[in-house]
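Read off the chains here:
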Amino acid sequence: MLKKRIKKDFSRYGGLYLLVIPVVVYYIIFHYIPMGGVLMAFEDFVPRRGVFKSDWVGVQHFISFFKSYDIWRLIRNTLRISLTSLIFGFPAPVILALLINEVNNKYFKKFVQTCSYLPHFISMVILCAMVKEFVSTNGFITQFLVDWFNIEKVSLLINKNYYVPVHVISGIWAEIGFGSIIYLAALSGIDMALYDAAAIDGAGRFKQVLHVTLPGIAPTVIIKLLLAIGGIMGVGHEKIILLYNEAIYETSDVISTYVYRKGLVSGEYSFSTAVGLFNSVINFALIMVANKISAKVSEVSLW
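Just so we're clear, the structure is a prediction, and the values are computed from it rather than from any experiment.

Trainee: Run through the overall build of the protein, naming residues and quoting values.
Mentor: Summing up its helical and strand segments, the protein has 14 helices and two strands in all. Principal axes of the C-alpha set define a box for the protein whose edges measure 75 × 75 × 35 Å. By the burial criterion, 34% of the 303 residues in the protein qualify as buried. By sequence separation, contacts in the protein at least 24 residues apart represent 64% of the contacts at least 6 residues apart. As presented, the protein carries roughly 19,100 Å² of accessible surface, and 68% of it is formed by carbon and sulfur atoms.

Encoded structure:
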């Protein structure tokens, strides 16, 4: 019976299954097979001996990391950047989507959408080069801050106190437009009859947004928030490596850049794997807890 059902399903949706095959192969090759490398975190890995023949050392690398001088600085910087990005960066696409949704002029709406999407498609290297230019000693952002807030006329990227704002604001600029797409899609799915009913009840535009629009996109917002919480400890190293320098290590060095330096620069493969595994476990625990709380409070969850 089951065999017959599967055969019928494949005959009916064969084309869709063919489309899924490349995605499945990609995840198997690049996401599941590399999981075997996690063993390196518990070994004294030697490349010529391979993962399965290197000496087993247990949790020695984890203990070394927990006892290291850098651990609290790395965790503090990672949390500072990720939480600041979450507080200011997460609501930004939602707000932009709500504002675009309220615009009636379709040409102006398309213009705003196109302009906001563009930074997302710029290479990270070029994006960081632009940011460096903007905040350099003679950059227009630096000049604006000098004129209006009377700060010292020097590059913002040589002052450790300015790195986090530069990182977060540039991230918002790059991703706000692309991030708003999913919320605009959710907004398009709201029944217009609800707005008509709210208008008949005397609700203005603001109250319609408050009582119709926001509840309509709430499940999407919650799912995105859960995914964001699951990545709190996963601040990417690419952008930071392209922006930071020795003058701002104190506030810009995070766990991912530390793993990069220890693993690829210093060749401490097992130690860097242990640090990366620790980071992943914390992220996994965070998303599990957040998902459970969301399921109880809002009845919306990832699973």
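From this point, the narrative continues.
Trainee: Talk me through the packing of helix α3 (residues 71-89) against helix α8 (residues 163-188); I want residue IDs and the actual numbers.
Mentor: Where α3 contacts α8, the two axes come as close as 10 Å, and the packing angle between them is 45°. The angle between the axes of α3 and α8 places the two elements in the oblique class. Seen along the crossing, α3 lies across α8 with a hand that is right-handed. In contact with Arg80, Ile81, Thr84, Ser85, Phe88 and Gly89 of α3, α8 contributes Tyr163, Val164, His167, Val168 and Ile172. Of the residues belonging to the contact of α3 with α8, the class tally is six nonpolar, four polar and one charged.

Trainee: Quick rundown of helix α13 (residues 255-265)? Include the residues and the values.
Mentor: Taken together, the buried positions of α13 are Ile255, Ser256, Thr257, Tyr258 and Gly263. If you follow the buried residues of α13, they end up packed against α2 (60-67), α3, α11 (237-243) and α14 (269-297). Positive phi appears at glycine 267, one or two residues downstream of α13, with a value of about 75°.

Trainee: Lay out the side chain of aspartate 253 in plain terms, naming residues and giving numbers.
Mentor: Among the structural elements, aspartate 253 can be located in the loop between α12 (249-252) and α13. Given the relative accessible area of 1%, aspartate 253 is considered buried. Among the polar contacts made by the side chain of aspartate 253, one reaches the side chain of arginine 73 at a distance of 3.0 Å. The residues contacting aspartate 253, other than those within four sequence positions of it, are Arg73, Leu74, Asn77, Tyr244, Ile248, Tyr258 and Arg261.

Trainee: If you had to explain the nonpolar core to someone new, which residues and values would you point to?
Mentor: By size, the foremost hydrophobic cluster in this structure holds 34 residues, and its most contacted members are Phe65, Leu187 and Ile217. Listed by contribution, the elements that provide at least two residues to this core are α2, α3, α4 (91-101), α8, α9 (192-200), α10 (205-229), α13 and α14. Apart from the residues lying within four places of it in its own chain, the contact partners of phenylalanine 65 are Ile71, Leu74, Tyr258, Phe271, Val275 and Phe278. Grouped together as the second largest cluster of nonpolar side chains are 18 residues, Val146, Val168, Tyr244 and Ile248 included.

Trainee: Residues and numbers for α4, please.
Mentor: Ala92, Pro93, Val94, Leu96, Ala97, Leu98 and Ile100 are the residues of α4 that are buried. Looking at the buried residues of α4, the elements they touch are α3, α5 (106-117), α8 and α10.

Trainee: Let's hear about the layout of surface pockets: which residues, and what values?
Mentor: Where empty space is left becomes clear once a probe the size of a water molecule has been rolled over the atoms. The computed volume of the largest pocket comes to approximately 1,000 Å³. Every residue lining the largest pocket is counted, 33 residues in all, and those nearest its centre are Ser85, Gly89, Phe90, Gly171 and Glu175. Of all the elements in the fold, those that place two or more residues in the lining of the largest pocket are α3, α4, α6 (124-134), α8, α10 and α11. A per-element tally of the lining of the largest pocket places α8 first, with 10 residues. For the lining of the largest pocket, the per-class residue count stands at 19 nonpolar, 10 polar and four charged. The space that makes up the second largest pocket amounts to roughly 570 Å³. In terms of lining residues, the second largest pocket is bounded by 26 residues, among which Val259, Thr273, Gly276, Leu277 and Ser280 are the most central.

Calculation notes
- Residues numbered from 1 in each chain as written.
- Predicted model: local features only at pLDDT ≥ 70, side-chain atom pairs only at ≥ 80, totals over all residues.
- Heavy atoms only, no water.
- Helix = DSSP H or I, 4+ residues; strand = E, 2+ residues; numbered from the N terminus.
- Buried < 20%, exposed > 50% of the residue type's maximum accessible area, 1.4 Å probe, protein only.
- Contact = heavy atoms within 4.5 Å.
- Areas by Shrake-Rupley, 256 points an atom, 1.4 Å probe, with all protein chains shown as cover.
- Axes fitted to C-alpha atoms, helices over the stretch in contact; angles between N-to-C directions.
- Parallel < 35°, antiparallel > 145°, perpendicular 65-115°, else oblique.
- Left-handed = near helix turned anticlockwise from the far one by under 90°.
- Nonpolar A, V, L, I, M, F, W, Y, C, P; charged D, E, K, R; others polar.
- Polar contact = N/O pair within 3.5 Å; in protein donor to acceptor, adjacent residues only side chain to side chain.
- Core = buried A, V, L, I, M, F, W, Y, C linked by side-chain atoms within 4.5 Å.
- 1 Å grid on protein atoms, 1.4 Å probe; cavity = no way out; pocket = protein on both sides within 12 Å on 5 of 7 lines; lining within 4 Å.
- Points joined across faces, edges and corners; volume = space filled by probe spheres on them.

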